[in-house]
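Tertiary structure, described
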Amino acid sequence: MLPYFLHRVLQGAVILVLVSFLAFIISLAAPGNALQTFIDPNIPPSELRAAEARLGLDRPVHVQYGSWLGELVTGNLGYSFRTGRPVAELVGSRLGPTFVLMGTAFVITLALAIWLGVATAARPYSLFDYTVTGAAFAGISVPSFFTAMALIYVFALRLGWLPTSGLEDYAASYSGWAQLADRAQHLVLPVAVLVLTGAAELVRHVRSAVGEALRQDYVRTARSKGVSDARVLRHHALRNSLLPVITLVGVALPRLLAGAVVVEVVFTWPGMGRLLVESVFARDYPVAMAINLLGAVLVLLGSLLADMLYAVADPRVRYS
Amino acid sequence: MRANAVKRTAVKRTAVRRTIAAVALAALIAVAGAQAEETRECAATGGTATIAQWSEPGNLNPLIFPTTYDTNIQELVFARLIRPTETLTFEPDMAESWEVSEDARTLTFTLREGLTWHDGEPVTASDVAFTFTSMADPEYPGGRFAEISIIEGAQEYQDGTAESVSGIQVLNDRTISFTTLEPFAPFLPVIGGVYILPEHIYGAVDIAQWQQDETNRRPLGSGPFVFEQFRPGEFIEVSAFEDYWEGRPCLDRLIVRFGDQNTMLAALLSGELDAAPVPIDGAASVESNPDLELHVVDSLSFQYIGTNLRNPILADHAVREAIAMAVNREAMVDGLLQGYGSTLNSIFPTNHWSYPDDVTPITYDVEAASALLEEAGWTLDGEYRSKDGQELALRLFVPTGNQVRERTAPIIQANLRQVGIRVDIQTMDFATLVTHLMPQDAEGTPRSVNVEDFDLFLLGFGIERDPNEYLSYLLSSDSPPNGFNFIGVDTPEVEELMLEGRVTLDQDARAELYQEVGRLMRENLAWIPLYQAQDLYGSSSRLSGFQPDVRGVNPNVANWSVE
Amino acid sequence: MTDAVATSRAAARAPGGPRAWRQFRRHRLAVVAAVVLSMLALAAVLAPVLAPYDPYDLAIGPDGQIAFAAPPSAAFPLGTDSVGRDVLSRLLYGGRVSLTIGLVAALVAISAGSVLGAIAGHFGGWVDRVVSRFADAVSTFPALFLILTISSFVPPSIFNVIAIIGFLSWMPSFRLMRAEVLKLRSTNFVEAAGALGAGDVRVMGRHLVPNAIGPIVVQATLGVAEAILTESALSFLGLGVQPPIASWGNMLADARSITVLQSQPWLWLPPGLAIFVTVLSINYLGDGLKETVDPQVSRGG
């Protein structure tokens, strides 16, 4: 197992270098640099050029990349062009909110998808099945920003049950349980949007995986032996459908990160996705690079985790 | 660095004179004392207000490339020697008075007594000297040297041939003088645009690291509010400065949130914000909300169509005039701005003293525009005109970031189609537009503009503090890569007037000079002015004292109170 | 479940045409979806005929002034937008743009993916390793991250939007095709056929394509839906199809504004419904197709 693990880590590192180089080329190919995002009559072009030189923006692409990579290896992610803030600090401060948002959405999505997926696989082609399938399809047929706006309009503006945006009520100084409750309240709508789109997709996959397992011969054998439906479901089908679901978990991670971008922007959630949008528009490539890299690391970790779980779940699988 | 030794004059008086002096001194102390301890009338004291702005500030050190989003916060934490009034003249802030020398080259400011920084240290003239000297430091990374390059000795200090800036003189703890190379009319606005930094804090940081240093995110100044925290992506919190010279602000705390304009509008409507800027299409929602009040404020910026005078089509004045007359600017104001704005007929904002009120208006006249084009040799060939085998086609570059401005593009396209001009709209983000207006060659070295770079573009401009800001846009010598004259204006009379305006100190004479520039540029139409939008803000009934005006959102912030 | 298996077995033997068609027809919803999609596609193709106005023309209202954001009326059945253009015309032309983007992007994705997959599977060795690692690298990006980064550097045009979405979605079809090629290579058929040569191509054509085409078509179908949704997300962020060209995505993006959402539903409801119906139909269609080509279900006899 260990050599496999190491092999994967090495592979991951190679991929990361590839990924970072790709992202770098792209970022630098963007017309305009961080200092051209505004024209200020009080700051003449000569000053801007001097500032560019100070930031190293006048060097050729490969030199800038090499320098960035060199710094990266020593653990220095550089400084934001726009604000001078250390990138590690900036991106680090956004990790928490992103994880909270994605983590909560992920757990709820998984629970909902598994529950509904199993339930519909147990009653295929029934009204329940069609309704859930219909709702699932509906969930993935609407652009997520629209779902978000609609939810804000209904629940925050019209009904006033929930806040419109932000991480918490910034003016109040809650602590302890009150703070938790306040933050939970602010989490409801963004998570709802992510769950609506994420669960919808996952339900279908779970349904087909469980349905597939239920069609296996050994299941029919168990049934013919008189084992109850519920036991069949639990002991046989569920365990075997677990495998494809685990692989889906690995795939779900990058999708969740991507989906979070729109949700974070609409709800002004201080996460990585929104930071990426802002830094891309500001041509702030140290920040954009760090986020892309971090996203890649998270995805690689996720797929590695999925593979590990797969090996644990299925004794037939052996990694050499 | 402290300047020359402080001079103290010994006074010898007889007993009578001594008494008179004592009385006078007592009176002076009383007056000075009263000035240092002004009190404020508050509708209510205490509480927290939450407002919003549409973008996060980048830098909180006022000497680093400030944008409006930065200065909105810096205004709360820092103070200046003088500050603008509603009519854009200047009133005392930290300086209680100032004098102009006979030759008009030296300004001497006297600071108020008893000013302190947020950490309790006293504000002295050497802090002021430090601030201005830093802007001339050869390692200074903030880009604002050009603003103060007019100070005597600044260039030498910047070049490294001098140890200090000779034109900045600290006369005593409370007095400082600035001497310029020549009489410089906009110098007072320049002074009014520099927030003073505490030397004991910012002087301790290597100036080349000013942007990366913590002080760029944890500012300390002498303004009405003390900086508390900055949560990136979320908000900034400031609290009242107890010893503020003008009296403690009424509020205890002020929270400034940042977010996209639509989300902030939603937050305002749902009662989560006490005040926020409102996009034009949100005005109706704010007005119909009984808990909210809509504030309509004039601004000093306007939007225009820029032209590339190197393009032979656009070099022809008749074409520019036809374009100006074919665009339905009133429809833009009525339909896109919903009446919150007006058209303008020159390049200065209508509510500023530099705007020539007697300027000839640009009329919307489609027939006259067509006739002009016809006379210029552009004949209709199907839907569009052509001359000598060349089609009358122009590219219009539209930068994103201003929704109303983006929406004028299809109107311009449709309007110009009516007179036979084909317009290709290309939308791009602002930084990309800049690469067209101020192009670089293959190696990345800035070069001059050629006819391929752009034809027409949409952009905004206006006055921040003084019409001298237009200088680099109108001097023929300041075409890229030297300056901002990407349009390629080359009108000697305009140049002369702009240069004269710099050195004319008499306000009336100065106004006349710029107004003449305005008239000439109206005739010239190298810039085709479109409209001047008003700024909208919404505030909740919970917040009193909210009075945004042409200076921005913060005037009167120290008087805001919440119930 | 036993019923399903029994039914499919029965269906396999019953008369009524090719088994695939019968199974497809069984999924009535999928058929309905196919019909709906054909109608939408037809409307898009016939846009110049159906649209009452030019989508770029400013609508002149009865008073001779430009009619900004006017509610639906006799002259303008779906009202006018914030710049004063007819919504119905823009909806039809926008459909052209959105559906084209969806179709072409999906086609680009499966073409690129299939070609790369065939190459990687066929040549194996370091070619396979390099291309597979490259596929892994691109998949490792959360898609929107990469799209965002690229979109900021290319001028946003329809062509570029198609290219970006297409070139970032090739990985699934790459993997499918590669798996099929590898499967084929390991069968006796190829070994019996002997050395590489023209025979190989024929083999690939005869066996590879029919087997691979099923899942790839399903992939393509879902790809169209995904491309349409991605275009909307890009429009919301300001990086999609740029005005004045209409697309369902950039029309829907107007709903960002609370005022529009609340008081001007004719601006976002038509494009919103159009996207919803289209993507929903594609999903049902894809679902039906999947059950048709899925070897598990068709294993009846």
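As the structure is a prediction and not an experimental result, all values here were calculated from the model.

Concerning the interface of chain C and chain B
Listed as interface residues are 18 residues of chain C and, on the opposing side, 20 residues of chain B. When chain C packs against chain B, close to 1600 Å² is buried across both sides, 56% of that on carbon and sulfur atoms. Summed over the shared surface of chain C and chain B, the result is two salt bridges. We note a salt bridge from Arg407 of chain B to Asp254 of chain C, for which the minimum N-O separation is 3.7 Å. Taken together, the residues of the side of chain C that touches chain B break down into nine nonpolar, four polar and five charged.

Focus on the pairing of strand 5 (residues 106-111) of chain B
Residues and elements named next belong to chain B. Counted residue by residue, strand 5 has five buried out of six residues, so it is predominantly covered. Pairing between strand 4 (residues 95-100) and strand 5: five bridges, direction antiparallel. Following the sheet pairing, Ser97 is matched in strand 5 by Thr110. Connecting strand 4 to the antiparallel partner strand 5 that follows it, the hairpin turn spans five residues, and Ala104 within it adopts a positive phi of roughly 60°. Bridge count between strand 5 and strand 7 (residues 175-179): five bridges; the pairing is antiparallel. When the sheet's bridge partners are listed, Thr108 is paired in strand 7 with Ser177.

Some points on the sheet that holds strand 20 (residues 456-462) of chain B
Residue and element names in this part refer to chain B. Pairing is mixed across the open sheet formed by six strands, whose spatial order is 14-21-13-20-18-19. The open sheet is flanked by strand 14 (341-343) and strand 19 (422-428), the only strands paired with a single partner. Direction aside, neighbouring strands of the sheet carry axes that sit 30° apart on average. Judged from the four bridges that link them, strand 13 (residues 301-307) and strand 21 (residues 527-533) form a sheet pairing that is antiparallel. Across the sheet, Gly306 pairs through a bridge with Trp527, a residue of strand 21. The sheet contacts of helix 11 (residues 317-326) involve strand 13, strand 18 (393-399), strand 20 and strand 21, and relative to strand 21 the element is tilted by about 25°.

So, a nonpolar patch on the surface
Residue and element names in this part refer to chain C. Among the surface-exposed residues, Leu42, Val45, Leu46, Val49 and Leu50 lie close enough to one another that they form a single nonpolar patch of about 480 Å² accessible area. Those elements giving two or more residues to the nonpolar patch turn out to be helix 3 (28-45) and helix 4 (47-50). Position of Val45 among the secondary structure elements: in helix 3. Owing to a relative accessible area of 56%, Val45 belongs among the exposed residues under this scheme.

Focus: the packing of aromatic side chains
Under the criterion given, the structure shown has 36 aromatic pairs over all chains. A ring pair is formed by Phe155 of chain A and Trp161 of chain A, whose centres lie 6.0 Å apart and whose planes are at 45°; its orientation type is tilted. Judged by relative accessible area, which is 27%, Phe155 of chain A ranks as partly exposed. By relative accessible area, which is 57% here, Trp161 of chain A ends up exposed. Seen from their ring centres, Tyr473 of chain B and Trp527 of chain B are 6.1 Å apart, and the 70° between their planes marks the pair as edge-to-face. Here Tyr473 of chain B, found in helix 16 (residues 471-474), pairs with Trp527 of chain B, found in strand 21; they are 54 residues apart in sequence, far enough to count as distant. Looking at Arg85 of chain A, its charged tip hangs above the ring of Phe230 of chain B, at a distance of 5.0 Å from the centre. The ring of Trp245 of chain B carries Arg112 of chain B above its face, with NZ or CZ at 3.7 Å from the centroid.

Examining helix 3 of chain C
Residue and element names in this part refer to chain C. Taking 1.5 Å as the rise per residue, helix 3 with 18 residues should run 26 Å; its terminal C-alpha atoms sit 26 Å apart, in good agreement. Ala30, Ala33, Leu37 and Ala44 are the residues of helix 3 that are buried. The arc that holds the buried residues of helix 3, viewed along the axis, is 55°, so those residues lie on one side. In this structure, helix 3 carries Arg28, Met39 and Leu42 as exposed residues pointing more than 90 degrees from its buried face.

Let's talk about the pairing of strand 21 of chain B
All names here are of chain B. Counting buried positions along strand 21 yields six of seven residues, so the element is predominantly enclosed. For strand 14 and strand 21, the ladder comprises three bridges, and the chain directions are antiparallel. Its bridge partner being in strand 21, Gly341 is matched across the sheet by Ala533.

Digging into the pattern of salt bridges
Residues and elements named next belong to chain B. A full pass over the atoms with the stated rule returns 40 salt bridges over all chains. Arg253 is paired through a salt bridge with Glu237; the nearest N and O atoms lie 2.9 Å apart. One end of the pair, Arg253, is in strand 10 (residues 253-258); the other, Glu237, is in strand 9 (residues 235-240), and 16 residues separate them in sequence. For Arg253, a relative accessible area of 17% corresponds to the buried category.

With respect to the sheet that holds strand 5 of chain B
Residue and element names in this part refer to chain B. The strand order 4-5-7-6 describes an open sheet built from four strands, whose pairing is antiparallel. Among the strands making up the open sheet, the edge pair consists of strand 4 and strand 6 (168-172). Neighbour to neighbour, the strand axes of the sheet diverge by 20° on average, direction disregarded.

Comments concerning the interface of chain A and chain B
Chain A puts 52 residues into the contact, and the matching count from chain B is 58 residues. For the pairing of chain A and chain B, the buried interface totals around 4400 Å² over both sides, and the portion due to carbon and sulfur atoms is 56%. Across the contact surface, chain A and chain B share two salt bridges. With its nearest N and O atoms 2.9 Å apart, the salt bridge here joins Arg231 of chain B to Glu168 of chain A. When contributions to the side of chain A that touches chain B are tallied by element, the ones reaching two or more residues are helix 2 (45-55), helix 4 (87-122), helix 6 (144-158), helix 9 (229-266) and helix 10 (272-281) of chain A. Class assignment of the residues belonging to the side of chain A that touches chain B gives a composition of 26 nonpolar, 12 polar and 14 charged.

Some thoughts on the confidence of the model for chain C
Residue and element names in this part refer to chain C. Of all residues in chain C, 78% have pLDDT values of 70 or greater, and the mean over the chain is 79. Taken element by element, chain C is modelled with least confidence in helix 15 (residues 295-298), mean pLDDT 44, and with most confidence in helix 12 (residues 248-252), mean pLDDT 91. Note that pLDDT drops below 50 for residues 1-8; the model gives that stretch five contacts with residues more than four away or on any other chain. The low-confidence segment residues 296-301 (pLDDT under 50) makes eight contacts with residues lying over four places distant or belonging to another chain. Predicted complex metrics record ipTM = 0.85 and pTM = 0.86.

A look at unusual backbone geometry
Along the chain, Pro480 of chain B connects to Pro481 of chain B via a cis peptide bond; the corresponding omega equals 10°. With respect to the helices and strands, the residue Pro481 of chain B is situated in the loop between helix 16 and helix 17 (492-503). Positive phi, close to 55°, is recorded for Arg283 of chain A, a residue that is not glycine. Looking at the secondary structure, you find Arg283 of chain A in the loop between helix 10 and helix 11 (285-313). Classification of Arg283 of chain A by relative accessible area gives buried; the value is 6%. Of note in this structure, Asn556 of chain B is not a glycine but carries a positive phi near 75°. In this fold, Asn556 of chain B is placed in the loop between strand 23 (543-544) and strand 24 (561-562).

Focus: the nonpolar core
The biggest cluster of nonpolar side chains holds 176 residues, and the ones touching the most others in it are Val266 of chain A together with Ile323, Leu396, Ile412, Leu416 and Ile421 of chain B. Those residues in contact with Leu416 of chain B that sit more than four places away from it in its chain are Ile323, Ala326, Val327, Ile421 and Val423 of chain B. With 90 residues, the next largest nonpolar core counts Leu60, Ile150, Val205 and Trp210 of chain B among its residues.

Comments concerning the environment of Gly483 of chain B
Locating Gly483 of chain B in the fold gives a position in the loop between helix 16 and helix 17. When the C-alpha positions of Gly483 of chain B and Met438 of chain B are compared, they lie 8.8 Å apart, and in sequence the two are 45 residues distant. Excluding residues within four positions of it along the chain, Gly483 of chain B makes contact with Pro45 of chain A together with Met438, Ser472 and Asp478 of chain B.

Here's the deal with the state of the cysteines
Residue and element names in this part refer to chain B. Applying the stated rule across the entire model yields one disulfide over all chains. Each sulfur of the disulfide joining Cys42 and Cys250 lies 2.0 Å from the other. Taking the torsion about the sulfur-sulfur bond, which here is approximately -85°, the covalent link between Cys42 and Cys250 counts as left-handed. Here Cys250 lies in the loop between strand 9 and strand 10 and Cys42 lies in the loop between helix 1 (15-36) and strand 1 (48-53), a separation of 208 residues in the sequence. Owing to a relative accessible area of 27%, Cys42 belongs among the partly exposed residues under this scheme.

What counts and what doesn't
Residues numbered from 1 in each chain as written. Chains lettered and ligands numbered in written order. Predicted model: local features only at pLDDT ≥ 70, side-chain atom pairs only at ≥ 80, totals over all residues. Heavy atoms only, no water. Contact = heavy atoms within 4.5 Å. Buried area = accessible area lost by both parts, 1.4 Å probe. Salt bridge = Lys/Arg side-chain N within 4 Å of Asp/Glu carboxyl O. Nonpolar A, V, L, I, M, F, W, Y, C, P; charged D, E, K, R; others polar. Buried < 20%, exposed > 50% of the residue type's maximum accessible area, 1.4 Å probe, protein only. Helix = DSSP H or I, 4+ residues; strand = E, 2+ residues; numbered from the N terminus. Pairing = 2+ DSSP bridges. Axes fitted to C-alpha atoms, helices over the stretch in contact; angles between N-to-C directions. Patch = residues over 30% accessible without salt bridge, like charges linked within 9 Å, V, L, I, M, F, W, Y side chains within 5 Å. Areas by Shrake-Rupley, 256 points an atom, 1.4 Å probe, with all protein chains shown as cover. Phe/Tyr/Trp six-rings, centres within 6.5 Å; stacked < 30°, edge-to-face > 60°. Lys NZ or Arg CZ within 6 Å of the ring centre and 35° of its normal. Expected span 1.5 Å × (residues − 1). Arc of directions from axis to C-beta. pLDDT = per-residue confidence, 0-100. Core = buried A, V, L, I, M, F, W, Y, C linked by side-chain atoms within 4.5 Å. Disulfide = S-S within 2.5 Å.

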